[in-house]
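Each chain is listed here by its residues.
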Amino acid sequence: MSWWGKYLVSFQLIVAAPALAAAAAPGSFETVLGPTPINHATSAVLTGEGAAVATLSGDTLQISGAFEGLSGPATDAHIMMGEDIGIPGDPILDLATSTAMNGTITGTFKLTRPQAAALRAGRLYIQVNSQKGPAPGGHLWGWLLPEHIKAGQDEPQTGDWFLPQGEGLRAARKGKSS
Amino acid sequence: MLRSCVCLLLVLAAVPCLAQIRPRDAVMSASYRCSAIGAPRQWLDCYYGAAQPARSALGLPPAPQAQVQLSLSPPASEANPHIAQVREAVMAAALRCYAGESDRAWLDCYYASAAPMRGELGLAPGPQLASVPPPAPILQAPPQPDRFGLKELPVTRDHVATHMASYSFDRNHIFTVTLTNGQTWRQVSGDTHTAHWTRPASTYTVKITRGSFSSYNFQVEGSPEIYKVDRVG
Amino acid sequence: MSLMALLAASAGLFARAGMAQAPAPFTALQAEAGRTAYAANCMSCHQANLAGEGDALPLAGKTFVAAWSNRTTAELYNTIRSSMPYGNPGSLDAKTYASLVAFILQSNGAKPGATEFTPASAVKISTIASGSVPPDIQRGIKPAQAATARPARGGNAADYGGPPPNADNGAGMIRSFGQTVVGSIKNYEPVTDAMLTNPPEGEWLVGRGNYANWSYSTLNQIDTANVHDLQLQWVWAMNEGGANETAPLVHNGIMFLGNTYNTIQALDAKTGELLWENRVGPAPSRPNYGGMRSIAVWGDKVYFAGNDAVLHALDAKTGKLVWSTPLSEVPGHNNTSGVLAVRGKIITGLTGCGRIPAKDHCYISAYDAQTGKQIWKFVTVALTGQPNGDSWGGLPDEKRAGAETWIQGAFDPALNLTYWGTAQAKPWRRDLRGSGNGATDYANSTVALDADTGKLKWFYNHAPGESLDLDEVFERILIDHGDAKTVMTIGKAGILWKLDRNTGKFIDSRETVYQNVMASQNPVTGEPVYRKTIRDQKVDQWLSSCPGPEGGHDWQAASYHQPTDALIIPLSQSCVMMLGNGSQTYFEMPGTERNMGRLSAYRTSDLKPLWSLQQRSPFLTGVLSTGGNLAFVGDYDRRFRAVDVKTGKTLWSVRLGTTVQGYPIAFRIDGKQYVAVTTGLGGGSPQDKPMTMLQKVHRPNNGQALYVFALPDGK
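Fair warning: this is a prediction, and the values are worked out from it, not measured in the lab. (Residues numbered from 1 in each chain as written. Chains lettered and ligands numbered in written order. Predicted model: local features only at pLDDT ≥ 70, side-chain atom pairs only at ≥ 80, totals over all residues.)

Observations regarding the overall build of chain A
In step 1: Helix and strand counts for chain A stand at four helices and 10 strands.
In step 2: In chain A, which comprises 178 residues, the proportion classed as buried is 43%.
In step 3: For chain A, long-range pairs separated by at least 24 residues make up 56% of all intrachain contacts whose partners lie at least 6 apart in sequence. (Helix = DSSP H or I, 4+ residues; strand = E, 2+ residues; numbered from the N terminus. Buried ≥ 20, exposed ≤ 12 C-beta atoms within 10 Å, placed from the backbone. Contact = placed C-beta atoms within 7 Å.)

This is how it looks when you write it as structure tokens:
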């Protein structure tokens with residue numbers, strides 16, 4: 001398991017222990033941070049990875065994450081909102097971040113109704129900017145999606161597995177909600 | 001060189017370029033087109049007419065004009081499923097004729113393949129194909145020239161055992177032997193033994209083994225003498 | 001137009017002309033040197049008139065300027081240097097890259113000046129280049145003189161062709177062509193239609209195993225209990241260079257193997273001994289290009305389509321060339337689908353036919369297997385006046401380009417129909433294409449053709465008005481459920497489709513990876529509708545596309561494991577931001593935990609998900625499933641593995657010389673079952689995306705080979 005996987009698990013044990021007794025609460029979200037869009041020129045520059053978890057209790061969102069291996073110190077980090085999962089947008093909330101090549105990201109916010117709805121729809125993502133990957137392109141990003149079982153490296157899942165859109169078009173066609 | 005230039009020009013002109021037009025390919029091509037015909041007798045005539053390129057290449061009398069005409073311009077008609085199956089059986093058999101080497105053998109096989117349709121039409125059977133499954137393919141690496149004993153290349157085999165095809169002696173009674181495998185060996189000049197063969201060559205069984213210092217030892221079965229020989233062909 | 005508006009427009013024109021008149025930071029000498037360097041290194045992909053094609057972006061004209069006007073000359077230099085030549089970036093010297101920038105700027109109307117261009121020159125491109133392409137560039141520059149291994153084709157070579165690859169084109173250095181080894185196989189059993197319709201167990205006579213494209217072998221000697229004992233039997237090093245994406249065939253104990261450089265070999269399938277080889281040629285026309293995704297056997301011949309779109313028939317016993325037929329009279333047309341032998345006909349696709357003006361368009365064509373004569377041709381673009389000819393937004397026919405066929409089709413002997421997938425219309429982006437919201441039939445479609453005449457029976461467009469290089473061109477798999485005859489396929493967008501193969505009617509579909517391009521789907525017809533920002537696209541707008549052009553799914557074929565009704569699909573997971581000119585930046589697909597590879601199994605009767613596994617590296621082979629309940633697949637990171645078809649659990653794996661790429665097969669000789677797979681490089685997005693995104697996965701850029709495995713004797 002990669003270092004961030006262990007991080008996600010231990011964070012959940014420490015902070016979200018009550019939630020483990022039941023199925024994953026609808027207010028639990030997580031993301032893995034990877035490079036913002038790269039091409040052949042920038043692939044060597046935008047190094048590093050990270051992870052974060054987010055818990056929504058009522059209208060309070062608590063975010064905790066970490067990153068490592070950046071090619072230059074982080075400068076700032078934000079929660080961003082786009083049109084849909086995988087579609088970039090603009091910053092809406094500022095996160096506290098270590099200004100180093102390895103560090104943490106934290107933040108606690110009171111979300112407005114539209115922001116909470118956007119979170120549940122997968123439209124919010126975390127972006128970390130750095131000296132090597134400044135805004136607006138950024139350095140690392142990852143979409144906040146509901147906590148889910150992961151088909152890990154070489155670990156098959158049987159039955160329905162997680163896709164961000166759920167059953168997507170098929171559900172809509174058959175008149176079901178995903 | 002000229003052929004490849006001509007070939008190139010044909011390719012540029014978007015015309016199929018055949019390194020060598022094979023009559024059997026032209027026949028099979030035409031016979032496949034006969035499948036437009038559903039009526040069994042007419043189809044059979046078309047099938048026979050399609051053989052014309054092979055007949056022509058072999059210098060045989062041409063197929064009847066009506067049959068050839070059918071093969072050039074087969075009229076479409078429906079086949080019932082049973083007839084279609086018989087047709088397929090004929091074509092499958094015809095395709096297997098490609099295993100044959102000679103053009104004449106191929107054509108005989110082609111005609112013989114029509115047997116199922118002939119049977120369907122109540123015609124006297126033509127020549128029958130023996131229904132023997134084809135033998136397993138012989139996969140050869142490209143034939144290595146037989147170089148056992150010849151000087152230029154490293155030796156890879158230790159001995160040859162076979163019969164004589166012929167033998168002769170020169171005026172010094174040095175023998176030259178040709179074996180049934182095509183190899184020719186000559187006794188080394190100065191060899192101490194003298195051969196005295198009198199029987200027909202094929203009655204002598206010969207064994208040649210590698211000796212020391214790149215030499216070869218020649219022995220005839222039933223005789224104790226060992227002769228020194230060199231391979232000369 | 002009012003006088004004021006006219007004045008304003010004229011002032012604008014003058015101002016732009018004035019801006020373009022300002023001397024640019026390069027010299028005429030540099031631009032001249034750049035022209036020569038371009039011809040030698042770039043022209044084969046980006047074309048003689050810099051108009052580009054597909055992944056090779058346009059380098060001159062309004063599309064280029066729309067993408068680059070707000071960026072600087074330094075960025076242009078860095079982009080070219082870090083990514084080109086394709087497959088060997090940064091391999092030219094700095095002076096050459098500088099001269100290429102000079103040439104490209106000049107080709108966009110920039111005027112040379114007194115200052116030499118250097119990498120530090122960071123001038124905003126809009127201040128020096130208007131996008132006005134000089135006439136000599138529009139006509140196309142001449143190809144550079146270069147040694148050719150084969151005489152150049154005639155015709156308009158300057159418009160479409162390009163010089164042979166330079167020394168940097170992969171490690172392959174094959175320079176001599178022709179038959180190198182002549183065979184003498186005795187007792188070769190000719191391949192009949194009956195054998196192709198019901199392939200004998202233990203043989204592999206059709207690229208994807210059978211006419212239904214199942215990539216499935218009934219052999220069960222190797223099974224879930226003993227696969228962990230699988231051993232290497234022999235390896236055969238293959239030609240380097242080009243794109244190695246092939247499936248061997250095995251018949252009568254002979255393996256027929258297509259190599260890059262348009263070479264066919266016959267090997268003893270048991271021992272790996274070479275029986276014959278014919279390097280028909282030519283060399284790949286551009287770096288890392290030219291898969292040969294299927295070859296065919298029929299009668300006493302072996303058939304293949306050269307990447308230069310010439311169909312060849314070789315004598316299976318000797319390897320000698322029997323006939324050759326060009327698929328096209330248009331230079332620059334290619335073939336990567338390979339060929340399908342059906343009832344005395346060889347059916348094949350066409351690529352490289354996506355340029356405008358569209359001469360001849362793209363088509364599927366059939367040839368007499370005995371003589372090579374063309375029997376029929378089906379143009380995959382609906383032209384003006386034809387049925388569905390009104391789906392191109394009124395574009396004139398010469399602008400209706402694309403709908404290439406780069407994967408071989410399937411064949412239903414009972415219905416006598418052959419099923420093919422078509423690629424998207426060109427250029428990709430509809431705003432540039434000019435087809436408006438037109439569906440662009442029959443691009444992105446399943447087409448069902450009468451195998452005897454090539455006439456269209458039905459078609460189904462899976463992505464009307466496609467805009468993001470997400471084509472629906474891949475394998476069509478024929479599956480029966482009782483009396484229901486279906487055809488299934490999955491395209492780059494990752495949507496698994498199920499249609500009635502008699503009528504083309506939509507039955508069902510399911511997304512297999514995250515996708516954000518299609519927002520809705522007609523519940524009856526299944527027709528998908530793009531999300532609004534894609535429908536409303538502008539040329540200078542970056543659009544997110546999940547999946548990106550790697551897919552989803554690509555040419556690596558799925559396998560239908562008939563005993564369990566499971567379709568096992570190799571999938572990739574990556575997204576792009578794409579600009580109107582086709583420029584892309586890549587990012588990992590959300591919700592995948594940075595895993596670019598996925599292998600998923602679905603029950604085809606109801607599309608129920610069965611199992612799925614993810615891993616960092618994408619899978620670059622098709623899947624082979626077997627009667628031993630195993631599925632074999634290989635990946636970018638050199639691993640070839642066998643999984644249990646019921647659970648997806650890996651039961652055996654081995655690390656090979658380089659990326660495992662191609663189509664694995666199974667066969668039996670003398671009672672022993674073998675599994676064979678190739679390693680390979682080359683190809684487009686399926687190699688390019690992981691090369692760029694997998695920062696820590698390394699694999700050698702050589703090592704194309706065939707590996708053959710079996711159980712040890714006695715197991």
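Some remarks on the overall build of chain B
In step 1: On a plain count of helices and strands, chain B comes out with eight helices and seven strands.
In step 2: Residues counted as buried form 27% of the 233 residues belonging to chain B.
In step 3: Counting contacts in chain B only where the partners sit at least 6 residues apart, residues at least 24 apart contribute 50% of the total.

Details of the interface of chain C and chain A
In step 1: Counting residues at the interface gives 44 residues for chain C, matched by 41 residues for chain A.
In step 2: Residue assignment for the side of chain C that touches chain A shows that the elements contributing at least two residues are helix H5 (73–83), strand S25 (506–511), strand S26 (518–521), strand S31 (574–578), strand S32 (584–588), strand S34 (608–615) and helix H12 (685–693) of chain C.
In step 3: Looking at the side of chain C that touches chain A element by element, the count peaks at seven residues for S34(C).
In step 4: Across the side of chain C that touches chain A, the residue classes tally to 17 nonpolar, 20 polar and seven charged.
In step 5: Across two bridges, the pairing between strand S10 (residues 157–158) of chain A and S34(C) is antiparallel. Residue pairing across strands places Thr158(A) opposite Trp611(C), the latter belonging to S34(C). (Nonpolar A, V, L, I, M, F, W, Y, C, P; charged D, E, K, R; others polar. Pairing = 2+ DSSP bridges.)

Quick look at the sheet that holds S32(C)
Residues and elements named next belong to chain C.
In step 1: Taken in spatial order, the three strands of this open sheet run S28-S31-S32, and their pairing is antiparallel. The open sheet is flanked by strand S28 (543–545) and S32, the only strands paired with a single partner. The average angle at which neighbouring strand axes cross in this sheet is 25°, direction not considered.
In step 2: Relative to S32, S31 runs antiparallel, the two sharing five bridges. (Axes fitted to C-alpha atoms, helices over the stretch in contact; angles between N-to-C directions.)

Some thoughts on H5(C)
Residues and elements named next belong to chain C.
In step 1: Taken together, the buried positions of H5 are Thr-73, Leu-76, Tyr-77, Ile-80 and Arg-81. Take H5 and look down its axis: the buried residues cluster within an arc of 120°, on one side only.
In step 2: Those residues of H5 that are buried lie in contact with helix H4 (62–68) and helix H6 (94–106). (Arc of directions from axis to C-beta.)

As for the nonpolar core
In step 1: Of all hydrophobic cores here, the largest spans 242 residues; its most connected members are Ile126(A), Val101(C), Tyr303(C), Val339(C), Ala341(C) and Ile477(C).
In step 2: Here this core takes eight residues from H6(C), the largest share from any one element.
In step 3: Not counting residues within four places of it along the chain, the set of residues in contact with Ala341(C) comprises Leu196(C), Ala296(C), Val297(C), Trp298(C), Tyr303(C), Ile346(C) and Ala369(C).
In step 4: Cys34(B), Val86(B), Leu95(B) and Cys97(B) belong to the second largest nonpolar core, which has 29 residues in total. (Core = buried A, V, L, I, M, F, W, Y, C linked by C-beta atoms within 7 Å.)

Side note on the domain arrangement of chain B
In step 1: By domain assignment, chain B separates into domain 1 (16–120) and domain 2 (159–231).
In step 2: Taking only C-alpha atoms into account, the centre of domain 1 of chain B sits 55 Å from that of domain 2 of chain B. (Domains from an automatic or database assignment.)

Details of the packing of H5(C) against H6(C)
Residues and elements named next belong to chain C.
In step 1: Interaxial distance between H5 and H6 falls to 10 Å at its minimum, and their mutual angle equals 120°. Put simply, H5 runs oblique to H6. The element H5 and its partner H6 pack so that their crossing is right-handed. Seen from H5, the contacting residues are Thr-73, Leu-76, Tyr-77, Ile-80 and Arg-81; seen from H6, they are Tyr-97, Ala-98, Leu-100, Val-101 and Leu-105.
In step 2: Among the residues forming the contact of H5 with H6, the class breakdown is eight nonpolar, one polar and one charged. (Parallel < 35°, antiparallel > 145°, perpendicular 65-115°, else oblique. Left-handed = near helix turned anticlockwise from the far one by under 90°.)

Observations regarding unusual backbone geometry
In step 1: Backbone torsion omega between Lys426(C) and Pro427(C) reads -10°, so that peptide bond is classified as cis.
In step 2: By the secondary structure assignment, Pro427(C) is in the loop between strand S19 (425–426) and helix H10 (430–433).
In step 3: That bond from Cys546(C) to Pro547(C) is cis: its omega, -10°, falls within 30 degrees of zero.
In step 4: In this structure, Pro547(C) sits in the loop between S28 and strand S29 (559–561).
In step 5: Of note in the backbone geometry, His173(B) takes a positive phi value of approximately 65° without being a glycine.
In step 6: Its location among the elements puts His173(B) in the loop between strand S2 (159–169) and strand S3 (175–179).
In step 7: Its identity as a non-glycine residue notwithstanding, Asn629(C) has a phi of 65°, on the positive side.
In step 8: Within the element layout of this structure, Asn629(C) appears in the loop between strand S35 (624–626) and strand S36 (630–634).

Comments concerning the sheet that holds S36(C)
Residues and elements named next belong to chain C.
In step 1: Strands sit in the order S2-S35-S36-S37-S38 across an open sheet of five strands; the sheet is mixed. Each having just a single partner strand, strand S2 (216–217) and strand S38 (650–655) make up the two edges of the open sheet.
In step 2: Of the pairings in the sheet, the one linking S2 to S35 comprises two bridges and is parallel in character. Its bridge partner being in S35, Tyr-216 is matched across the sheet by Ser-625.

Comments concerning the pairing of strand S23 (residues 484–490) of chain C
Residues and elements named next belong to chain C.
In step 1: Pairing of strand S22 (residues 477–481) with S23 involves five bridges; the strand directions are antiparallel. The residue bridging His-481 from the neighbouring strand is Ala-484, located in S23.
In step 2: As defined by bridge partners, S23 adjoins strand S24 (residues 495–500) across five bridges and the pair is classed as antiparallel. Paired with Thr-489 across the two strands is Trp-497, which belongs to S24.

Side note on the environment of Gly140(C)
In step 1: Within the fold, Gly140(C) resides in the loop between helix H7 (135–139) and helix H8 (157–160).
In step 2: Separated by 451 residues in sequence, Gly140(C) and Gly591(C) place their C-alpha atoms 46 Å apart.

Regarding the packing of helix H3 (residues 40–49) of chain B against helix H5 (residues 65–72) of chain B
Residue and element names in this part refer to chain B.
In step 1: Relative to each other, H3 and H5 sit at 95°, their axes nearing to 7 Å. Judged by the angle between their axes, H3 and H5 are roughly perpendicular. Seen from H3, the contacting residues are Gln-42, Asp-45, Cys-46, Tyr-48 and Gly-49; seen from H5, they are Ala-66, Gln-67, Val-68, Gln-69, Leu-70 and Ser-71.
In step 2: Taken together, the residues of the contact of H3 with H5 sort by class into five nonpolar, five polar and one charged.

Some details on helix H7 (residues 103–112) of chain B
Residues and elements named next belong to chain B.
In step 1: Turning to H7, its buried residues number three or more, namely Trp-106, Leu-107 and Tyr-110. The buried residues of H7 occupy one face: seen down the axis, they fall within an arc of 95°.
In step 2: Buried-residue contacts for H7 involve helix H2 (23–33), helix H4 (52–57) and helix H6 (81–96).

A short note on the environment of Val160(B)
In step 1: Looking at the element boundaries, Val160(B) is found in strand S2.
In step 2: For Val160(B), a count of 20 C-beta atoms within 10 Å corresponds to the buried category.

What about the confidence of the model for chain A?
In step 1: Mean pLDDT over chain A works out to 87, with 84% of the residues at or above the 70 mark.
In step 2: Confidence drops under a pLDDT of 50 for residues 10–25 of chain A, and excluding neighbours within four residues, the segment shows 10 contacts in the predicted structure. (pLDDT = per-residue confidence, 0-100.)

A closer look at the confidence of the model for chain B
Residues and elements named next belong to chain B.
In step 1: The share of residues in chain B with pLDDT of 70 or more is 76%, and the mean pLDDT across the chain is 80.
In step 2: For chain B, helix H1 (residues 2–12) is the element with the lowest average pLDDT, namely 49, and H3 is the one with the highest, namely 96.
In step 3: Segment residues 1–6: pLDDT under 50, and zero contacts once partners within four positions in sequence are set aside and those in other chains are kept.
In step 4: With pLDDT under 50 throughout, residues 128–133 is counted as low confidence; its partners more than four residues away or in other chains account for seven contacts.
In step 5: The complex model carries a pTM of 0.81, and its ipTM stands at 0.90.

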